[in-house]
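Each chain, written out:
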Amino acid sequence: MDQIHVEGGVRLEGEVQVSGSKNATLPLMAAALLGEGPTLLRNVPDLADVTTLLQLLRTMGADAERVPGAERHVLRIHAGPDVVPEAPYDLVRRMRASVLVLGPLLARFGRARVSLPGGCAIGARPIDQHLKGFRALGAAISLEGGYVEARADRLRGATVRFDKVTVTGTENVLMAAVLAEGTTVLENAAREPEVEDLARALTAMGARIQGAGSDLITVEGVTRLHGVEHTVIADRIESGTLLVAAAITGGDVLVKGAVAAHLDAVVGKLREAGCTVVATPDGLRCKGPPQLHPVDVQTTEHPGFPTDMQAQLMALLSVADGTSVMSENIFENRFMHVAELRRMGADIRVEGHTAVVKGVHTLSGAPVMATDLRASASLILAGLRASGVTRVARVYHLDRGYEGLERKLQTLGARATRVK
Ligand code: EPU
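For the structure given in this document, a descriptive report is provided here. Fair warning: this is a prediction, and the values are worked out from it, not measured in the lab.

**A few points about unusual backbone geometry**
- Between H302 and P303 the backbone carries a cis peptide bond, its omega angle lying at 10 degrees.
- Along the chain, P303 falls in the loop between β18 (297-298) and α10 (310-317).
- One non-glycine residue with positive phi stands out, namely R72, at about 65 degrees.
- Structurally, the position occupied by R72 is in the loop between β4 (63-66) and β5 (75-78).

**Some details on the environment of L186**
- Relative to the assigned elements, L186 resides in strand β11 (residues 183-187).
- Setting aside its immediate chain neighbours within four residues, L186 contacts V160, F162, T170, V173, L174, D215, L216 and I217.

**Some remarks on the site of the ligand**
- The local shell around the ligand holds 22 residues, among which Q129, T166, T168, D308 and I330 are the closest.
- In this structure, an oxygen atom belonging to the ligand sits 3.1 Å away from a side-chain N or O atom of K22.
- Taking T166, its side chain carries an N or O atom lying 2.6 Å from an oxygen atom of the ligand.
- When the free accessible area of the ligand is taken as 830 Å², the share hidden by the protein chains comes to 89%.
- Secondary-structure elements contributing two or more residues to the shell around the ligand are α1 (22-31), α5 (128-136), α6 (167-177) and α12 (373-385).
- The element best represented in the shell around the ligand is α5, accounting for 3 residues.
- Residues belonging to the shell around the ligand are distributed by class as follows: 9 nonpolar, 6 polar and 7 charged.

**Examining the sheet that holds strand β20 (residues 347-351)**
- Reading across the sheet, the 4 strands line up as β18-β19-β21-β20 and stay open at both edges, with mixed pairing between neighbours. Each edge of the open sheet is held by one strand with a lone partner, namely β18 and β20.
- Of the pairings in the sheet, the one linking strand β19 (residues 323-327) to strand β21 (residues 354-358) comprises 5 bridges and is antiparallel in character. When the sheet's bridge partners are listed, V325 is paired in β21 with V356.
- Helix-sheet contacts for α10 involve β18, β19, β20 and β21, and the interaxial angle to β19 is about 170 degrees.

**What about the sheet that holds strand β2 (residues 13-17)?**
- As summarised here, the arrangement of the 4 strands in space is β2-β15-β17-β16, forming an open sheet in which the pairing is mixed. Because the sheet does not close on itself, it has two edges, and the strands there are β2 and β16 (276-280). The mean inter-strand angle of the sheet, taken between neighbouring strand axes irrespective of direction, is 15 degrees.
- Relative to strand β15 (residues 252-256), β2 runs parallel, the two being bridged by 5 bridges. Note that in β15 the partner of E13 across the bridge is D252.

**As for the pairing of strand β7 (residues 111-115)**
- In terms of strand pairing, strand β6 (residues 86-87) meets β7 through 2 bridges, oriented parallel. When the sheet's bridge partners are listed, A87 is paired in β7 with V114.
- Examined bridge by bridge, β7 and strand β9 (residues 147-151) share 5 bridges and lie antiparallel to one another. Across the sheet, residue V114 finds its bridge partner in β9, namely V148.

**Structural notes on the nonpolar core**
- Grouped together as the largest cluster of nonpolar side chains are 77 residues, with contacts concentrated most on M29, V101 and L202.
- Among the elements that take part in this core, α1 stands out by supplying 6 residues, more than any other.
- Beyond its immediate sequence surroundings of up to four residues, L202 is in contact with A31, L34, L174, M175, V178, A207, I209 and L225.
- One finds V6, C275, L313 and L398 within the second-largest nonpolar core, a separate group that totals 69 residues.

**Concerning the packing of helix α8 (residues 236-248) against helix α9 (residues 264-272)**
- As a packed pair, α8 and α9 sit with axes 11 Å apart at the nearest point and diverge in direction by 10 degrees. The angle between α8 and α9 places the two elements in the roughly parallel class. Touching G240, L243, V244 and A247 of α8 are V266, V267 and L270, all from α9.
- Tallied by class, the residues present in the contact of α8 with α9 amount to 6 nonpolar, 1 polar and no charged.

**A closer look at the packing of α5 against α6**
- Interaxial distance between α5 and α6 falls to 8 Å at its minimum, and their mutual angle equals 20 degrees. By the angle between their axes, α5 is roughly parallel relative to α6. Note on packing geometry: the crossing formed by α5 with α6 is right-handed. For the pair formed by α5 and α6, the contact residues are Q129, H130, G133 and F134 on the first element and T168, G169, N172, V173 and A176 on the second.
- Partitioned by chemical class, the residues of the contact of α5 with α6 number 3 nonpolar, 6 polar and no charged.

Cut-offs and rules
Every chain is numbered independently, its residues counted from 1 as its sequence is written. Only residues with pLDDT of 70 or above have their local features reported here, since the model is predicted, and side-chain atom pairs are shown and tallied only from 80 upward, although totals for entire chains, interfaces and linings are computed over all residues. In computing side-chain properties, one takes all heavy atoms of the structure into account and sets aside hydrogens as well as water. Working definition: helices are DSSP H or I runs of at least four residues, strands are E runs of at least two. Numbering for both runs from the N terminus. The contact definition used throughout considers only heavy atoms, calling two residues in contact when any of these lie within 4.5 Å. Proximity criterion: a residue is near a molecule or strand once any of its heavy atoms comes within 4 Å of it. Distance and chemistry together define a polar contact, namely a pair of N or O atoms within 3.5 Å, with one atom able to donate a hydrogen and the other to accept it when in protein, and with adjacent residues in sequence counting only for side-chain atoms on both sides. Here the open area of atoms and residues is found with the Shrake-Rupley method and a 1.4 Å probe, where only the protein chains shown may cover a residue. Each residue gets one of three labels, nonpolar for Ala, Val, Leu, Ile, Met, Phe, Trp, Tyr, Cys and Pro, charged for Asp, Glu, Lys and Arg, and polar for the others, Gly among them. Two strands are counted as paired when DSSP detects at least two bridges linking them. Geometry is summarised by axes, namely lines fitted to C-alpha atoms with helices restricted to the contacting stretch, and by angles between N-to-C directions that run from 0 to 180 degrees. Definition used in this section: a nonpolar core is a set of buried Ala, Val, Leu, Ile, Met, Phe, Trp, Tyr and Cys residues joined via side-chain atoms within 4.5 Å. Only protein chains enter the accessibility calculation, which uses a 1.4 Å probe. A residue is then buried if its area is under 20% of the maximum for its type, exposed if over 50%, and partly exposed in between. Angular relationships are summarised with four words: roughly parallel below 35 degrees, roughly antiparallel beyond 145, roughly perpendicular across 65 to 115, and oblique for the angles in between. Crossing chirality is assigned from the near helix's rotation relative to the far helix, an anticlockwise turn below a right angle marking it left-handed and a clockwise turn marking it right-handed.

What follows is the structure, encoded as structure tokens:
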């Protein structure tokens, strides 16, 4: 299995291009099932999760491929009328976002059979809110043998109030509502930029949607949708990770393509920590200070501070000049990087959903193990700052969500290499 070895101590400098967003791409790929013609997605990141979803779409009988010659960044997806609307356990267990095919399959084919995703390393992650939405739209739902069976001849518009803000739940129910008869209102909807990007693509496919990006989304159902050509937004979490790479090394990096409007909370915390972050016409530029300040952080739904940046910011705060308090409010078990950061010399205490991070002067390189996607990124960031060599194992977690992170860091001067 691959490892990434990072030799710390280099101040990162230069420019780096951010890739397309993973969490925007996955729902967009599922949305392609709704179109009667082919969909072309551009600026798609080359990631293991994208490969898994392509495989799932093909298993169901759709044409789904990376367009040759486009450096694996363009997808063409076409689902004909003979698609078999079933998502098997073997693929869903590899990537829980596979559950995003449920809404489109139900809406277009009147039936879906999708394996229920299990819990994962960061929490239990139920999908009760997705199912609540489908039921409100008139679907009959049953759970059998580990599968969700959903049926509806034609979904009917309804008001759905989510009890909890859920990103993929909002996306899933939105994709079902676009082909429902009449008006659907989604209350307490997720406001993440990825939901907005999905709504933009669906609208270009012929859907009638208002309010995406706010917590109240209104959909007027239509009877059919066509395919679309759509360019995926930049990955705000990869952008944030690269900004932290600049900050933790006291460096000066321009993250090209980073969208400032998607990163307000992250940029705010980096500035509180003493970084200079400016929006330029090309992206966001971050300059790390000689000494970082401690910062208190609460993860919340967008536009609050994202849970997907908590581990990376913790690496940064582990070398700040004082004590930071970080609360994780989205997932119940998202502090697994703490034990690994401690092995590198960080002083972090966890009490329930709060981590108290006492800054230390130096971290020291160590063999560490990635436990999930964002945890792996946090360990690489810590390695950039540590003395000696940090060997990060289980990098397959990283490859699910970052396209060539070590190569991008190399272009900024980092000594980070992948070892087979
Ligand atoms: N929840 C429920 N019931 C539901 C749905 C969610 O109780 O039916 C709970 C979850 O257990 C969690 C909270 O609600 O405690 C929020 O979960 P949400 O549904 O918003 O998460 P998700 O849609 O499964 C997406 C991203 C995650 C990101 C979260 C939060 C995708 C494919 N995944 O997950 O991304 O952490 O939103 O922003 O969009 C990552 O990229 O590393 C990642 C984990």
